[in-house]
Amino acid sequence: MLSRSLTDDAELRALEPWRAPEFAAHVAAAQEHLLRWLPWGASAAEVDGAEKLLQRYADAQARGEGRILGIWVGDKLVGGVLFRVWDQAMGNCELGVWLAPEAVGRGLITRASTEMIDWAFRVRGMHRVEWRCATGNTRSSAVARRLGMTKEGVLREAAPLHGVRHDIEVWAVLASEWPRSGLGIRPEA
Ligand SMILES: CC(C)(COP(=O)(O)OP(=O)(O)OC[C@H]1O[C@@H](n2cnc3c(N)ncnc32)[C@H](O)[C@@H]1OP(=O)(O)O)[C@@H](O)C(=O)NCCC(=O)NCCS
């Protein structure tokens, strides 16, 4: 897949190491919004850190163990989706997401996540896709819910971020539950 249309003006494309300068500039511009919830929000704002992160995902993808894709609106990188964890033998993976603040509220992440989950189940034969978010990250948990995931529990104080240990919600959807009739994608957008 080189690109996949999400809406009239938004596309999902491979986010490869050669795009590190563009990725770093995007993360730097959105940093205030991203830093609150993303552990890599600081390091990826520098080209060197961005390149390391993208290379790590490129290496994982070459091993068949994960991937990262960006979302572009026109020519502007505005966010992305990634498989942070991929365990083919166990059939489990974990999806992560982010958006620049100006791209929030359009359903882009719900759409992009739907493509990723569909690929994990239908193409790669995975059994379970997980979603983890801090308890206070209500926009993130709203996406998990919209995707038809079930909240399975809370890992208490599991993630230190900026000196605070956050409770982490674990959400998941199983291949046998996909796609759910309640999938919250509005077809008009
Ligand atoms: C988490 C994050 C990606 C969610 O972004 P989002 O824009 O709320 O999610 P979506 O792109 O799926 O958009 C959903 C919103 O668009 C609206 N929408 C508009 N058209 C839509 C459509 N066709 N389909 C679905 N939703 C649509 C929804 O109603 C919803 O808005 P609302 O919550 O105000 O009701 C974003 O808040 C973010 O980047 N946060 C910082 C980084 C982060 O927390 N990452 C996750 C770590 S766990």
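What this report covers is the structure whose coordinates are included nearby.

A closer look at the overall build of the protein
Across its full length, the protein carries five helices and eight strands. Secondary structure elements in the protein, listed N-terminal to C-terminal, are β-β-α-α-α-β-β-β-α-β-α-β-β. At 16 Å, the protein has a C-alpha radius of gyration in line with the 16 Å of a compact globule built from 189 residues. Principal-axis analysis of the C-alpha atoms places the extent of the protein at approximately 40 × 40 × 35 Å. Across the 189 residues of the protein, 45% fall into the buried class. Counting only contacts in the protein whose residues sit at least 6 apart along the sequence, the fraction spanning at least 24 positions is 60%. In the form shown here, the protein has an accessible surface area of approximately 9,800 Å², with 50% of it arising from carbon and sulfur atoms. Side-chain charges in the protein split into 24 positive and 24 negative, and the spacing between the mean points of these groups amounts to 4 Å.

Points about the environment of Leu161
Within the fold, Leu161 resides in strand E7 (residues 150-161). For Leu161, a relative accessible area of 13% corresponds to the buried category. Sequence separation of Leu161 and Arg36 is 125 residues, and the distance between their C-alpha atoms is 7.9 Å. In contact with Leu161, other than residues within four places in its own chain, are Leu35, Arg36, Trp37, Leu38, Pro39 and His166.

Notes on the site of the ligand
Near the ligand you find 25 residues, and of these Gly105, Ile109, Thr110, Asn137 and Arg139 are the closest. Between the ligand and Gly105 there is a distance of 2.7 Å, counted from an oxygen atom to a backbone nitrogen or oxygen. Leu108 is positioned such that a nitrogen or oxygen atom in its backbone is 3.0 Å from an oxygen atom of the ligand. Residue assignment for the shell around the ligand shows that the elements contributing at least two residues are strand E5 (92-99), helix H4 (108-123), strand E6 (128-134) and helix H5 (138-146). In the shell around the ligand, the residues fall into twelve nonpolar, seven polar and six charged.

A closer look at the packing of helix H1 (residues 20-29) against helix H3 (residues 47-62)
In contact at an axis separation of 8 Å, H1 and H3 are set at 115° when each is read in the N-to-C sense. The orientation of H1 relative to H3 falls into the category roughly perpendicular. Considering the relative orientation of H1 and H3, their crossing is right-handed. In this structure, H1 uses Ala20, Pro21, Phe23 and Ala24 to contact H3, whose residues at the interface are Val47, Ala50, Glu51, Leu53 and Leu54. Split into classes, the residues belonging to the contact of H1 with H3 amount to eight nonpolar, no polar and one charged.

Some points on the sheet that holds strand E1 (residues 3-5)
Reading across the sheet, the eight strands line up as E1-E2-E3-E4-E5-E6-E8-E7 and stay open at both edges, with mixed pairing between neighbours. One side of each edge strand has no neighbouring strand; the edge strands of this open sheet are E1 and E7. Recorded for the sheet is a direction-independent mean angle of 25° between the axes of neighbouring strands. With four bridges connecting them, E5 and E6 associate as parallel partners. The residue of E6 that forms the bridge with Cys93 is Val129. Contacts between H5 and the sheet are confined to E6 and strand E8 (164-174), with E6 contributing the most and set at about 160° to the helix.

Definitions and cut-offs
- Residues numbered from 1 in each chain as written.
- Predicted model: local features only at pLDDT ≥ 70, side-chain atom pairs only at ≥ 80, totals over all residues.
- Heavy atoms only, no water.
- Helix = DSSP H or I, 4+ residues; strand = E, 2+ residues; numbered from the N terminus.
- Rg over C-alpha atoms; globule rule 2.2 N^0.38 Å.
- Buried < 20%, exposed > 50% of the residue type's maximum accessible area, 1.4 Å probe, protein only.
- Contact = heavy atoms within 4.5 Å.
- Areas by Shrake-Rupley, 256 points an atom, 1.4 Å probe, with all protein chains shown as cover.
- Lys, Arg positive; Asp, Glu negative; His and termini not counted.
- Charge placed at Lys NZ, Arg CZ, Asp CG, Glu CD.
- Near = heavy atom within 4 Å.
- Polar contact = N/O pair within 3.5 Å; in protein donor to acceptor, adjacent residues only side chain to side chain.
- Nonpolar A, V, L, I, M, F, W, Y, C, P; charged D, E, K, R; others polar.
- Axes fitted to C-alpha atoms, helices over the stretch in contact; angles between N-to-C directions.
- Parallel < 35°, antiparallel > 145°, perpendicular 65-115°, else oblique.
- Left-handed = near helix turned anticlockwise from the far one by under 90°.
- Pairing = 2+ DSSP bridges.

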